Amino acid sequence: MTNLMLGVNVDHIGTVRNARGINYPDPLLAALIAEQSGADSITVHLRKDRRHITDRDVIIINKTIQTRMNLEISINKDMIAFACEVKPYSCCLVPEKRQEITTEGGLDIISNKNIVDRSVKCLQDAGIIVSLFVNADIKQIEAAINSGAQYIEIHTGIYSSTTESLLRDKELNRIKQSVKFSVNNGLKVNAGHGLNYHNVIPIASIPEIYELNIGHSIISYALINGLENAVKNMKQLLREVHR
Ligand code: PXP
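Model, not experiment: these values are computed from the prediction. (Residues numbered from 1 in each chain as written. Predicted model: local features only at pLDDT ≥ 70, side-chain atom pairs only at ≥ 80, totals over all residues. Heavy atoms only, no water.)

S.K.: Would you mind going over the overall build of the protein chain in detail, with residue names and values included?
M.R.: Helices and strands together make up the secondary structure of the protein chain, namely ten helices and eight strands. Relative to the compact-globule value of 18 Å for 243 residues, the protein chain shows a C-alpha radius of gyration of 19 Å, a close match. Contacts in the protein chain between residues far apart in sequence, at least 24 positions, make up 65% of those at least 6 positions apart. When the accessible surface of the protein chain is totalled, it reaches about 13100 Å², and 56% of it is carbon and sulfur. Between the averaged position of the 27 positive side-chain charges in the protein chain and that of its 26 negative side-chain charges there is a distance of 3 Å. (Helix = DSSP H or I, 4+ residues; strand = E, 2+ residues; numbered from the N terminus. Rg over C-alpha atoms; globule rule 2.2 N^0.38 Å. Contact = heavy atoms within 4.5 Å. Areas by Shrake-Rupley, 256 points an atom, 1.4 Å probe, with all protein chains shown as cover. Lys, Arg positive; Asp, Glu negative; His and termini not counted. Charge placed at Lys NZ, Arg CZ, Asp CG, Glu CD.)

S.K.: Tell me about helix α10 (residues 216–241), and name the residues and values.
M.R.: Between its first and last C-alpha, α10 extends 37 Å over 26 residues, near the 38 Å set by a 1.5 Å rise per residue. A bend of about 40° at leucine 227 is the largest found in α10. (Expected span 1.5 Å × (residues − 1). Bend = angle between axes of the 7 residues up to and from the residue.)

S.K.: Explain the UniProt feature "binding site: 1-deoxy-D-xylulose 5-phosphate" (unreviewed entry) in the protein chain to me, using residue names and the numbers behind them.
M.R.: Residues annotated in UniProt with the feature "binding site: 1-deoxy-D-xylulose 5-phosphate" (unreviewed entry) correspond here to Asp11, His12, Arg47, His52 and Thr102. Annotated residues spanning 92 residues; largest pairwise C-alpha distance 12.5 Å, indicating a single compact cluster. Residue arginine 47 is classed as buried on the basis of its relative accessible area, which comes to 2%. For arginine 47, the contacting residues outside a window of four places in its chain are His52, Met79, Glu96, Lys97, Glu100, Thr102 and Thr103. Residue position: threonine 102 is located in the loop between β4 (90–93) and α5 (113–125). Given the relative accessible area of 38%, threonine 102 is considered partly exposed. Not counting the four nearest positions on each side in its chain, threonine 102 is found in contact with Arg47 and His193. (UniProt positions renumbered as here; feature names shortened; annotations may be inferred. Buried < 20%, exposed > 50% of the residue type's maximum accessible area, 1.4 Å probe, protein only.)

S.K.: Kindly report on the state of the cysteines, identifying the contributing residues and their values.
M.R.: A complete count under the given rule lists zero disulfides for this structure. Considering cysteine sulfurs only, cysteine 84 is the nearest to cysteine 91, which forms no disulfide, with 7.6 Å between them. With a relative accessible area of 0%, cysteine 91 lands in the buried category. We note that cysteine 92 lacks a disulfide partner, and the nearest cysteine sulfur, in cysteine 91, lies 8.5 Å from it. On the accessibility criterion, cysteine 92 (1% relative accessible area) is buried. (Disulfide = S-S within 2.5 Å.)

S.K.: So, the pairing of β4: which residues are in play, and what are the values?
M.R.: Residues in a regular strand point their side chains to alternate faces of the sheet. Residue alternation in β4 divides its side chains into two sets, Ser90 and Cys92 and Cys91 and Leu93, and both sets are buried. Pairing of strand β3 (residues 68–73) with β4, which is carried by four bridges, proceeds in the parallel orientation. The partner of glutamate 72 across the bridge, within β4, is cysteine 92. Tracing the backbone out of β3, into helix α4 (residues 77–86) and back to the parallel element β4 gives a crossover that is right-handed. Pairing geometry for β4 and strand β5 (residues 129–134), over four bridges, is parallel. Residue cysteine 91 lies in a different strand from β5, and its bridge partner there is valine 130. Read as a crossover between parallel neighbours, the route from β4 over α5 to β5 is right-handed. (Pairing = 2+ DSSP bridges. Right-handed = clockwise from strand over helix to strand, strands pointing away.)

S.K.: Summarise the environment of glycine 14; cite the residues concerned and give the values.
M.R.: Mapped onto the secondary structure, glycine 14 falls in helix α1 (residues 11–20). Between the C-alpha atoms of glycine 14 and proline 27, which are 13 residues apart in sequence, the distance is 5.8 Å.

S.K.: Kindly report on the site of the ligand, identifying the contributing residues and their values.
M.R.: If you check the shell around the ligand, you find 15 residues, and the closest are Glu72, Glu153, Gly194, Gly215 and His216. Between the ligand and asparagine 9 there is a distance of 3.4 Å, counted from an oxygen atom to a side-chain nitrogen or oxygen. Glycine 215 places a polar main-chain atom, nitrogen or oxygen, 2.8 Å from an oxygen atom of the ligand. Here the ligand loses 94% of its free accessible area of 400 Å² to cover by the protein chains. Its residues assigned to classes, the shell around the ligand shows three nonpolar, nine polar and three charged. (Near = heavy atom within 4 Å. Polar contact = N/O pair within 3.5 Å; in protein donor to acceptor, adjacent residues only side chain to side chain. Nonpolar A, V, L, I, M, F, W, Y, C, P; charged D, E, K, R; others polar.)

Right, here's the structure in full:
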């Protein structure tokens, strides 16, 4: 089995920063710490409403990190043009609804064939590797193959959010079949969405998967496990004033 890669998504460092409209915590710093800790790539999702990652974050992270930047964007033409300018290592094309809390499901490549095909070509002409975020659905994967994209990223959100074990096993099997079908047809396969410390092992055990993209659970873990030191350090600072 080859080594499974870990892509760390730092979007939610931006969520915390933007909640206050100030300049910390910085997703760039988080990206550098993630790299130093073993991340094989850094993912950022530039949304139309810029709710977490901003244009500045994309540009500066792309210029600064030592590994690979994977930029998630919708098939909107301004987003594609921005990506072609920035030239990240790879782009993952995802669906985007303005009101959604997080990406809800894979891209409908079949219904959006022309625009997806055009976007893939445009990005590849700029030297960017293209991945399409898809549900574990053979028909959509066939459309991904026909688009010429080099990668797909299988949406693991349904698997992650299903608590009923029979349904979860069914979705896990669908993911395994989809991964096999994709690799047999020349695609490289990543996976992600909703993966956490409790549910990642069955997905990480699928031997053909190249990389997992994980964000929310890693940033949440960092917040909770860093809280003890954060409080102790502030308390220490206050004690020094009154010594
Ligand atoms: N992969 C894709 C395509 C995504 O849109 C996201 C969320 O931005 C992730 C992976 C990471 O999901 P999570 O934050 O749930 O780990």
